[in-house]
Amino acid sequence: MSVRLGFIGTGDLGADHVRRCANIISGATVSALYNRTQSRAEDVARQFAPEARVTATPEELIESPQVDAVVISSASQTHEDLVLKAIQAGKYVFCEKPLATTAEGCVRILHAESAAGKRLVQVGFVRVYDEGYLNLKSLIDTKAIGSVLMAHAAHRNPTSGPHYTREMLMSETLIHDVNTFHWLLGESFTAAQVLYPRSTSKADATLQDPQLVILETESGVLIDVEVFVNCQFGYDVQCALIGESGEVRLPEPARATVRRNGQNHTAITMGCKERFEAAYDRELQAFVDGVAAGKLTGPDSWAGYVASATTDACIRAQKSGKREDIRLIPQPDVYR
Ligand SMILES: NC(=O)C1=CN([C@@H]2O[C@H](COP(=O)(O)OP(=O)(O)OC[C@H]3O[C@@H](n4cnc5c(N)ncnc54)[C@H](O)[C@@H]3O)[C@@H](O)[C@H]2O)C=CC1
Ligand SMILES: O=C1[C@@H](O)[C@H](O)[C@@H](O)[C@H](O)[C@H]1O
């Protein structure tokens with residue numbers, strides 16, 4: 001039987017998720033849509049799911065008997081409240097990152113899910129479904145380079161929007177890298193520091209773009225991540241881990257090299273929807289399969305909490321200029 005999905009937030013990424021669930025994912029039906037601006041939800045329904053109902057409120061969608069599971073891709077500050085309402089209604093919920101805008105918000109979700117007695121939430125940390133990152137993960141798990149000692153990463157966007165703030169470099173952008181290293185290394189972080197190189201002239205000076213983040217893990221792995229959201233040239237993610245007996249490096253996305261006009265070049269993706277297209281497909285297929293089986297397998301609320309607790313520390317470090325400690329609450333049993 002098909003899993004009936006209700007979508008809250010049908011903006012840029014939300015509409016793309018509706019499209020993939022209508023056209024690509026198997027075992028799913030787009031049953032209902034809600035967006036703060038109703039005309040946007042109506043346009044998306046018309047384009048990808050004409051049979052779907054556009055609801056007047058998010059509560060009407062969450063509580064609808066025609067919705068088995070909820071997909072949240074609305075603005076980040078709305079996530080916590082919507083996830084809590086879905087848990088309250090006993091519905092499975094896929095929530096785009098961040099799970100909540102603060103670690104405290106994530107803790108409220110951990111408590112609600114624990115009270116429900118089972119996992120109901122999957123967080124949209126898409127990289128764990130990317131073929132290149134999966135390749136890194138299996139090499140690290142099989143000790144192909146021995147124990148990991150340090151890592152270097154970069155997360156670059158061509159440009160940031162007008163409402164993008166300094167804090168969002170951490171809470172919206174770096175958060176992917178934080179989750180990636182949590183998952184790759186199987187350990188959490190103990191401290192964070194932020195350094196400021198010379199700023200680009202191509203962004204508002206208050207943003208102080210790029211920034212360099214140093215993370216320390218429980219076992220002492222040191223990780224540096226360059227976050228640069230106005231790099232101009234592309235949506236580019238880089239990742240290399242150095243171990244006792246070698247290095248593993250994220251492959252570039254498969255693209256043909258073109259020899260033409262005296263040049264030999266390979267195109268760089270310009271946005272996350274293009275860079276991680278196949279991974280988004282796998283991520284939502286895993287969610288739908290998890291709902292159908294009554295057992296979710298993707299990134300859980302604990303991963304959402306660890307990521308937000310770490311990016312909260314990075315925001316403190318942005319302000320203090322110091323190395324900030326990261327302390328986590330004990331992991332609730334439901335996530336073990
Ligand atoms: N996993 C990933 O790689 C990515 C995740 N994201 C996340 O997805 C979310 C959406 O991002 P975008 O689509 O880029 O933003 P967007 O601004 O294009 O879309 C957000 C949509 O949410 C709607 N909205 C705002 N408040 C709402 C509310 N209270 N209830 C329902 N709808 C509401 C807006 O009207 C808009 O249509 C963000 O949380 C962002 O962090 C975004 C891009 C990539
Ligand atoms: O999640 C994403 C956006 O919300 C964020 O704003 C971008 O910086 C990230 O690269 C993208 O993957």
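An unreviewed UniProt entry lists the protein chain under the name Inositol 2-dehydrogenase, with Acetobacter malorum DSM 14337 given as the organism. Heading Sequence similarities (unreviewed entry) of the UniProt record for the protein chain holds this comment: "Belongs to the Gfo/Idh/MocA family." Taken directly from UniProt, the Function (unreviewed entry) text for the protein chain runs: "Involved in the oxidation of myo-inositol (MI) to 2-keto-myo-inositol (2KMI or 2-inosose)."

Scanning the protein chain from N- to C-terminus turns up 10 helices and 15 strands. At 20 Å, the protein chain has a C-alpha radius of gyration in line with the 20 Å of a compact globule built from 336 residues. Residue burial in the protein chain is summarised as follows: out of 336 residues, 45% are buried.

This paragraph deals with the site of ligand 1. Around ligand 1, 24 residues are found, and the nearest of them are G11, D12, L13, R36 and S74. Looking at the shell around ligand 1, the element that brings in the most residues is helix α1 (residues 12-23), giving three residues. Its residues assigned to classes, the shell around ligand 1 comprises seven nonpolar, 11 polar and six charged.

In this section: the sheet that holds strand β1 (residues 3-8). Taken together, six strands build an open sheet; the order of strands is β3-β2-β1-β4-β5-β6 and the sheet is parallel. Strands with a single pairing partner mark the edges of an open sheet, and in this sheet they are β3 (53-54) and β6 (121-124). Summarising the sheet, β1 and strand β2 (residues 28-34) pair through six bridges and their orientation is parallel. Residue pairing for β2: F7 is matched across the bridge by L33. The sheet strands contacting helix α2 (residues 38-48) are β2 and β3, and the helix crosses β2 at an angle near 160°.

With that settled, consider the domain arrangement of the protein chain. Domain annotation for the protein chain reports domain 1 (3-127 + 278-306) and domain 2 (128-274). On a C-alpha basis, the centres of domain 1 and domain 2 stand 26 Å from each other. The partner domain 2 presents 13 residues to the 16 residues of domain 1 that form the contact. Contributions of two or more residues to the side of domain 1 that touches domain 2 are made by α1, α9 (277-293) and α10 (301-320). Residue composition of the side of domain 1 that touches domain 2, grouped by class: nine nonpolar, two polar and five charged.

Turning our attention to the site of ligand 2. Every residue close to ligand 2 is listed here: N157, E172, T173, H176, V229 and C272. Top element by residues in the shell around ligand 2 is helix α7 (residues 168-185). It accounts for three residues. The class makeup of the residues in the shell around ligand 2 is two nonpolar, three polar and one charged.

On to the pairing of strand β14 (residues 263-266). Side chains on a regular strand alternate between the two faces of the sheet. Alignment of strand β13 (residues 257-260) against β14, held across four bridges, turns out to be antiparallel. Its bridge partner being in β14, T257 is matched across the sheet by T266. Here β13 folds back onto β14 in antiparallel fashion, the turn holding two residues, of which N261 has a positive phi close to 50°.

Residues annotated in UniProt with the feature "domain: Gfo/Idh/MocA-like oxidoreductase C-terminal" (unreviewed entry) correspond here to residues 137-322. Regarding residues 137-322, the helix share stands at 34% and the strand share at 26%, and the terminal C-alpha atoms are separated by 31 Å.

Locating T57 in the fold gives a position in the loop between β3 and α3 (58-63). For the pair T57 and Q38, spaced 19 residues apart in sequence, the C-alpha separation works out to 9.5 Å.

Let us look at the pairing of strand β9 (residues 211-217). With burial as the criterion, only one face of β9 is covered, namely that bearing Q211, V213, L215 and T217; the residues L212, I214 and E216 on the opposite face remain uncovered. Bridging between β9 and strand β10 (residues 222-228) involves six bridges; their strand directions are antiparallel. Bridging from a neighbouring strand, I214 pairs with D224 of β10. Taking the residues that link successive antiparallel strands as the turn, the β9-β10 hairpin has four residues, and the phi of G220 there is positive, at about 100°.

Parameters at a glance
Sequence order as written defines the numbering, with residues in each chain counted from 1. A letter from A marks each chain and a number from 1 marks each ligand, given out in the order of writing. Where local features are concerned, this predicted model is filtered to residues with pLDDT of at least 70; where side-chain atom pairs are given and counted, the filter is 80 or more; whole-chain, interface and lining totals use all residues. UniProt positions are given in the numbering used here, feature names are shortened, and annotations may be inferred rather than shown by experiment. To qualify as a helix, a DSSP run of H or I must reach at least 4 residues; to qualify as a strand, a run of E must reach at least 2; elements of each kind are numbered from the N terminus. Radius of gyration here uses only the C-alpha atoms, and the compact-globule reference equals 2.2 Å multiplied by the residue count raised to the power 0.38. Residue burial is a threshold on neighbouring C-beta atoms within 10 Å of the residue's own C-beta, all placed from the backbone, with 20 or more meaning buried, 12 or fewer meaning exposed, and counts in between meaning partly exposed. Residues are counted as near a molecule or strand when the C-beta atom, derived from backbone positions, lies within 6 Å of that molecule or strand. For this classification, the nonpolar set comprises Ala, Val, Leu, Ile, Met, Phe, Trp, Tyr, Cys and Pro, the charged set comprises Asp, Glu, Lys and Arg, and every other residue, Gly included, is treated as polar. At least two bridges found by DSSP between two strands is the condition for calling them paired. Remark: residues whose backbone-derived C-beta atoms lie within 7 Å of one another are considered to be in contact. Lines fitted to C-alpha atoms define the axes, with helix axes restricted to the stretch in contact, and inter-axis angles between N-to-C directions lie between 0 and 180 degrees. Note that the domain bounds were set by an automatic or database domain assignment.

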